[in-house]
Amino acid sequence: MSDQDGKRTLGVHGGPRSGNVKQSFSHGRTKNVVVETKRKRVVVPKPGQGAGGASASGSNRPGGNPSKRPAGITDAEMERRMKALQAAKQREAGEAAERLAEEKAREADRKRRREEAEAKEREEREREEALKAKAAEEERVKREAEEAAKRAAAPPPAPGEEQPQRSGGRGAPAARGKPATPERNDRDDRGGRKTRTDDGNRRAGKLTLNQALSGGEGGRQRSMAAMKRKQERARQKAMGGPVAREKVVRDVQVPEAIMVGELANRMAERVGDVVKALMNNGMMVTQNQSIDADTAELIVEEFGHNIVRVSDSDVEQVIASSEDSPSDLQPRPPVVTIMGHVDHGKTSLLDAIRKAKVVAGEAGGITQHIGAYQVETDTGAKLTFLDTPGHAAFTSMRSRGAHVTDIVVLVVAADDAVMPQTIEAINHAKAAKVPMIVAINKIDKHEANPNKVRTDLLQHEIIVEKLSGEVQDVEVSAVTGQGLDELLEAIALQSEILELKANPNRAAEGAVIEAQLDVGRGPVATVLVQRGTLRQGDIFVVGEQWGKVRALINDRGERIPEAGPSIPVEVLGLNGTPEAGDVLNVVTTESQAREIAEYRAQVSKDKRAAAGAATTLEQLMQKAKDSENLTEMPIVVKADVQGSAEAIVQVMEKIGNEEVRVRVLHSGVGAITESDISLAEASGAPVIGFNVRANAPARNSANQKGVEIRYYSVIYDLVDDIKAAAEGLLSAEIRETFIGYAQIKEVFKVTGVGKVAGCLVTEGTARRSAGVRLLRDDVVVHEGTLKTLKRFKDEVSEVQSGQECGMAFENYDDIRAGDVIEIFEREEVARTLA
C-alpha cells in the first residue's frame, strides 16, 4: 500500500473559494474583507441506477467501489450491512401494511356498530312515537267526547247573548262576529303553534360561524341526552300529547339515619323539592343534615316512591349462622376444660397426660394464662384440653373456658378441701350446662382424704358415683401417674354419651381463647375451631378486627395447612389484637370483612359515646359532689396476653372504697412504649408491666420524665402492691380514748394567767398533753387543750384520780364552778382496704 492509501490530501480543494472584497465607507474610509464562497454539491446518479440507490451492477457488486468505501470495511461486511438494510425496509413495509389493514378493520367495526346503534335507536324512536301518537289520539277522542257531552248538557243561549268561547284560538273570530268552524280553528291553531316552534327552535343546537369565532356557546354545552329530551318534548308538544314525563316509581333504601341530599339522590328528585317538603312538615333542615328513618319514610311516600328499610347491621348477614344438615355432620374430638382452685395441680395433671412440663415454665408455679392442647390417647382417640388459671383474678378466663367446652374436669386436691375457686368453677359449669367429672388429685400424699372432698361437694349439689350419684369421680396423682388411664376412660365414656359431631365442610367458625401481641409475629390469636375447617389464606373477621390467615400453628409449634373442628391453633395475620372471647367467622371477600369490622368498631364507639353523653346536669353535679372526698390512684397496665390484661383490670376495679379507688387509665397488650410513658406522665401514674418489658426508647423516656415502671410476673405480688399503695392514700382513722374526768370546785383569777379552775380528778388521769372538753349540764360548751396543769405551785404533766389540781384552758375563760372537764387522747390508726 502507498503512503496515501488511496486518500486525498488535506486541503481546501473542494471547499469554499476565498477572495478579497474592498468595502467603502463615509469620510473616505475603506476596508478589505475576506469572503468565502461555498459551492452547492450536486449528486448525479449513475446511469442504470434506480431511485433506491441500488443499480443492477450494484446488486452483483454489493461492496460498491472499493476506493469510496469507508476504511476497514470488507466486502463480506458491506454485503451483510446491505442485506440488513434491505430486511429492515421490508419489515417496515410489512408493518405499515398490517397497521393499515388493522385500522381499516377497526373503522369497519366502528361503522357497523354505529349503524346498528342508529338503527336500534331509530326503531325505538319510531315505536315510542307510535305509542305516543296512539295515546294522543285516544286522549283527543276522549276530550272531544267530553266536550260534546258538555255541549249537550249546556242550556241554549239567550237571544242576543254572545256565544261562549271554548278556546283562545277561536276567541278572536267570534269577537269580530265572524263564524269559525272547529276544523279551521284547529288547523289555524296547529299552524300557529308549528310556526312558533319553528321560529324559536329552528336554529337551536346548531353552531354558527359567528358563535364559533366569538365563543357565544361558552365553555359548557348541552349534552346529547339533554338535546334528545328537548327534541322529545317538542315532538310531544307538536303532536298535542302530554308534555310532562311519566312518574318513575323507585325502591328507595333508607337506613336508620340518612342525609337529606342523599335521600334526594336515591329518589332522583331535586334537593330543593325534598327540603321544601320537609319544611312543609315543620322541619327546617338543609341538604347536609341527617333525618331519621321515620321522617324519611314520610318524605319517600309523599313523593310516590316505595321505601325499603335497611339497617347498618345488615352487613353481618353474610356471617349468619345456618344449621347443618344431619347428613353433613361428622364425629369430632371432645373439648375438655380443666378447672379448679389455685395450686390444686391442674397443670401438673395435664402435663402428666401430655407427658410435657408446662408447669415448669409458669411464673410462681401457678397458671396465669389459658392454654389449649390436643392429646392423642393410646387408643388413638383425640382429646382437646383447655387449662384455665385458678387464681381469683381470672374469673373471665374460667367463664370463657366453661362456655366453649363439652366436658369440665373439676380438679380438687385430696389434701385440701373445696375452696372458693372450686365453688366458682362449679357455678360456671352449671351455668354452661355441661357435664362434670371430678378428679381428686394428690392422692399419693400421706394426708390425702378423698372422702372429705366427696362430702364437701355435697354442699354444692355435686353427688359423685361412690355416693350413689351421677357425677363420675376419679382418684388421680399427677406425680405417680395413678388413675390417669381411668380419667381418660371416663372422658371418652362421657364424650360417647354426648355424641359430639360437627360439619367440617363449611366456612370456619371458632372462639378466641387468648390473644396477644408478639414482637416478631404481630397480633396472634389462639382460636378453638368449633365448626367448619379453617385453612391458610382464609379471610376472616373476629370482633372488631379482621385479617387473612397467614399461618396456622398447633400446640406443639408446628405449622399446619388447616384446622378442623375441636382443634386449637394459633392464627397469624390479624390487623389488630382481638378481645378474648370474640367469635371468628370466615367470609368470602376482604371487603366484607373490612365492612363488618368497621361497623362493629363504630357500634362500640357509639356505645361508649352514648354512655358518656347520656348524663344530665344534675347527674354531673352529683358526681362532682360525690368525688370531692374521693381520691383516685391512676395506673397504666400492659400485659402479655389479652386475658391477663382483662383479669388485672377487673381486679383493680375491685380495689378501693368510698374514699379511694384505683383507676386504670389504659390497658393493652404488648411491650411498654413511649406513648404509655407519655400518658402516665400526664396523669402522674405508674406503669405496670405484667410479663412484658419496656423497649429502649420507653426506658429512656421514663428516666427523663421520672415515670415509675414496675414489672410483675405473678399476679399475687401485683395485687398486693397496688392494694398497699391504695391504702397509703387513705386518711388515717382518728380514735379517741377517754382517760379521765375532773370536777371544777372553784374558779380563781390569777394575774397574767386569767381564770384558773380548781379541780378534783374524780376518775382516771388528767394529762397536760391531752385534749379536754368542758361539759355544763352534760352539754359540751367547749373543746380544746389545756394551757396549764398545776399541782400546788408546780407545773406537772399528769394528775392521778382523787387529787386536786389547777387547770386553765387555752383561749377560753368562761368556766364556772360545778362544770365537768372531760379529758381524752386522740391517736391515728392506719386504715386498710377490706
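Procedures and definitions
- Residues numbered from 1 in each chain as written.
- Predicted model: local features only at pLDDT ≥ 70, side-chain atom pairs only at ≥ 80, totals over all residues.
- Heavy atoms only, no water.
- Helix = DSSP H or I, 4+ residues; strand = E, 2+ residues; numbered from the N terminus.
- Buried < 20%, exposed > 50% of the residue type's maximum accessible area, 1.4 Å probe, protein only.
- Contact = heavy atoms within 4.5 Å.
- Areas by Shrake-Rupley, 256 points an atom, 1.4 Å probe, with all protein chains shown as cover.
- Core = buried A, V, L, I, M, F, W, Y, C linked by side-chain atoms within 4.5 Å.
- Salt bridge = Lys/Arg side-chain N within 4 Å of Asp/Glu carboxyl O.
- Phe/Tyr/Trp six-rings, centres within 6.5 Å; stacked < 30°, edge-to-face > 60°.
- Lys NZ or Arg CZ within 6 Å of the ring centre and 35° of its normal.
- Patch = residues over 30% accessible without salt bridge, like charges linked within 9 Å, V, L, I, M, F, W, Y side chains within 5 Å.
- Pairing = 2+ DSSP bridges.
- Axes fitted to C-alpha atoms, helices over the stretch in contact; angles between N-to-C directions.
- Expected span 1.5 Å × (residues − 1).
- Arc of directions from axis to C-beta.
- Right-handed = clockwise from strand over helix to strand, strands pointing away.
- pLDDT = per-residue confidence, 0-100.
- Lys, Arg positive; Asp, Glu negative; His and termini not counted.
- Charge placed at Lys NZ, Arg CZ, Asp CG, Glu CD.

Peer 1: Teacher, can you tell me more about the overall build of the chain here?
Peer 2: On a plain count of helices and strands, the chain comes out with 20 helices and 35 strands. Within the span of the chain, comprising 834 residues, buried residues form 34% of the whole. Long-range pairs, those at least 24 residues apart, make up 67% of the contacts in the chain between residues at least 6 apart in sequence. In the form shown here, the chain has an accessible surface area of approximately 51700 Å², with 49% of it arising from carbon and sulfur atoms.

Peer 1: Explanation requested: the nonpolar core in the structure shown.
Peer 2: Nonpolar side chains in soluble globular proteins generally cluster together in the buried interior. In this structure, Leu-349, Phe-385, Val-409, Leu-487 and Ile-491 are the most contacted members of the largest nonpolar core, which totals 22 residues. Elements with a minimum of two residues in this core: strand S8 (335-340), helix H10 (346-354), strand S9 (371-376), strand S10 (382-387), strand S11 (407-413), strand S12 (436-441) and helix H14 (484-498). At five residues, the largest contribution of residues to this core is made by H14. If sequence neighbours within four positions are ignored, Phe-385 has contacts with Val-336, Ile-338, Leu-350, Ile-353, Gly-371, Ala-372, Tyr-373, Val-375, Leu-488 and Ile-491. Counting residues in hydrophobic clusters, the runner-up holds 20 residues, among them Ile-739, Ala-766, Val-799 and Phe-809.

Peer 1: What should I look at first to understand the side chain of Asn-441 in this one?
Peer 2: Positionally, Asn-441 belongs in strand S12. Take Asn-441: its relative accessible area is 2%, and that puts it in the buried class. Once residues lying within four places of it in the same chain are set aside, the contact partners of Asn-441 are His-344, Gly-345, Val-411, Val-412, Ala-413, Ala-414, Val-476, Ser-477 and Ala-478.

Peer 1: Please explain the pattern of salt bridges as it appears in this structure.
Peer 2: Side-chain pairing between opposite charges can occur once the charged atoms of the two side chains come close. Across all of its chains, the model carries 51 salt bridges by this definition. Between Glu-77 and Arg-81 there is a salt bridge, with its nearest N and O atoms 3.2 Å apart. Within this pair, Glu-77 and its partner Arg-81 are both found in helix H2 (residues 75-153), separated by four residues, close to a single helical turn. Put simply, Arg-594 and Glu-590 hold a salt bridge, and the shortest N to O gap is 2.8 Å. Of this pair, Arg-594 and Glu-590 are both found in helix H15 (residues 590-613), four residues apart, which corresponds to roughly one turn of the helix. Here Glu-590 falls in the partly exposed class, since its relative accessible area comes to 37%.

Peer 1: Sorry, what's going on with the packing of aromatic side chains here?
Peer 2: As enumerated under the stated definition, the model contains one aromatic pair in all. Taking the centre distance of 6.5 Å and the plane angle of 85° together, the rings of Phe-809 and Tyr-812 count as edge-to-face. Considered together, Phe-809 and Tyr-812 belong to a single accessibility category, that of buried residues. When the ring centre of Tyr-711 is taken as origin, the NZ or CZ atom of Arg-693, which lies over that ring, is 4.5 Å away. Residue placement shows Arg-773 over the ring face of Phe-824; its charged tip is 4.1 Å from the ring centre.

Peer 1: Help me understand a nonpolar patch on the surface in this model?
Peer 2: Residues Leu-458, Ile-463 and Leu-467 make up a contiguous nonpolar surface patch of roughly 230 Å² in combined accessible area. Positionally, Leu-458 belongs in helix H13 (residues 450-458).

Peer 1: How do you make sense of the sheet that holds strand S21 (residues 568-574) when you look at a structure like this?
Peer 2: Where strands meet in a sheet, backbone hydrogen bonds hold them as pairs that are either parallel or antiparallel. Overall, antiparallel pairing links the six strands, which are arranged S15-S16-S21-S19-S18-S22 in a closed barrel. Ignoring which end each strand starts from, the neighbouring axes of this sheet average 45° apart. Pairing geometry for strand S15 (residues 509-518) and strand S22 (residues 583-587), over three bridges, is antiparallel. Across the sheet, residue Gly-510 finds its bridge partner in S22, namely Leu-584.

Peer 1: Can you walk me through helix H6 (residues 224-239) in this structure?
Peer 2: Along an α-helix, residues three or four positions apart point the same way, because every turn accommodates 3.6 residues. With 16 residues, H6 should reach 22 Å at 1.5 Å per residue; the first-to-last C-alpha distance of 22 Å fits that figure. For H6, the set of buried residues is Ala-226, Glu-232 and Gln-236. Down the axis of H6, the smallest arc covering the buried residues is 125°, so these residues share one side. Residues of H6 that are exposed and angled more than 90 degrees away from the buried face: Met-224 and Ala-238. Residues of H6 that are buried make contact with H2.

Peer 1: In this structure, what is going on with the pairing of strand S13 (residues 472-475)? I would like to understand it.
Peer 2: The side chains of a regular strand alternate between the sheet's two faces. Direction of pairing for S12 relative to S13: parallel, over a ladder of four bridges. Note that in S13 the partner of Ile-437 across the bridge is Gln-472. Crossover connection from S12 via H13 to parallel S13: handedness right-handed.

Peer 1: In this structure, what is going on with unusual backbone geometry? I would like to understand it.
Peer 2: The phi angle of most residues is negative, glycine excepted, and most peptide bonds adopt the trans form. The residue Ser-468 is not glycine, and still its phi comes out positive at about 65°. Note on placement: Ser-468 falls in the loop between H13 and S13. Residue Ser-468 is classed as exposed on the basis of its relative accessible area of 71%.

Peer 1: How do you make sense of the sheet that holds strand S25 (residues 687-690) when you look at a structure like this?
Peer 2: The strand order S24-S23-S25-S26 describes an open sheet built from four strands, whose pairing is parallel. Edge positions in the sheet fall to strand S24 (660-669) and strand S26 (709-712), since each has one partner strand and no second. Between one strand axis and the next, the sheet turns by 25° as a mean value, whatever way the strands run. Of the pairings in the sheet, the one linking strand S23 (residues 631-639) to S25 comprises four bridges and is parallel in character. Each bridged residue has a counterpart across the sheet, and for Ala-639 the counterpart in S25 is Phe-690. Strands in contact with helix H17 (residues 642-654) are S23, S24 and S25; relative to S24, the strand with the most contacts, it is inclined by about 170°.

Peer 1: Whenever I open this one, the confidence of the model for the chain confuses me. Can you help?
Peer 2: The predicted coordinates ought not to be read in detail in places where the model reports low pLDDT. Overall, the predicted model of the chain reaches an average pLDDT of 78, with 77% of residues at or above 70. Note that pLDDT drops below 50 for residues 47-63; the model gives that stretch nine contacts with residues more than four away or on any other chain. Predicted confidence is poor over residues 158-200, with pLDDT under 50, and the contacts of this stretch with residues over four places away or in other chains come to 14 contacts.

Peer 1: Help me understand the environment of Ala-507, please; the structure alone is not making it clear to me.
Peer 2: Mapped onto the elements of the fold, Ala-507 is located in the loop between strand S14 (501-502) and S15. Residue classification places Ala-507 among the partly exposed positions, given a relative accessible area of 41%. Each C-alpha atom of the pair Ala-507 and Asp-538 lies 9.2 Å from the other, and the pair is 31 residues apart in sequence. Filtering out sequence-adjacent residues up to four positions away, Ala-507 remains in contact with Arg-531, Gly-532 and Val-586.

Peer 1: Explain a negative patch on the surface to me, please; I cannot follow it from the model alone.
Peer 2: Taken together, the side chains of Glu-92, Glu-95, Glu-98 and Glu-102 make up a negatively charged region of the molecular surface. As for its placement among the helices and strands, Glu-98 is situated in helix H2.

Peer 1: Explain helix H18 (residues 674-683) to me, please; I cannot follow it from the model alone.
Peer 2: The set of residues buried in H18 consists of Asp-676, Ile-677 and Ala-680. Projected down its long axis, H18 shows its buried positions confined to an angular sector of 100°, all on one face. Elements in contact with the buried residues of H18: S23, S24, S25, helix H19 (696-705) and S26. One or two positions beyond H18, positive phi appears at Gly-684, with a value near 65°.

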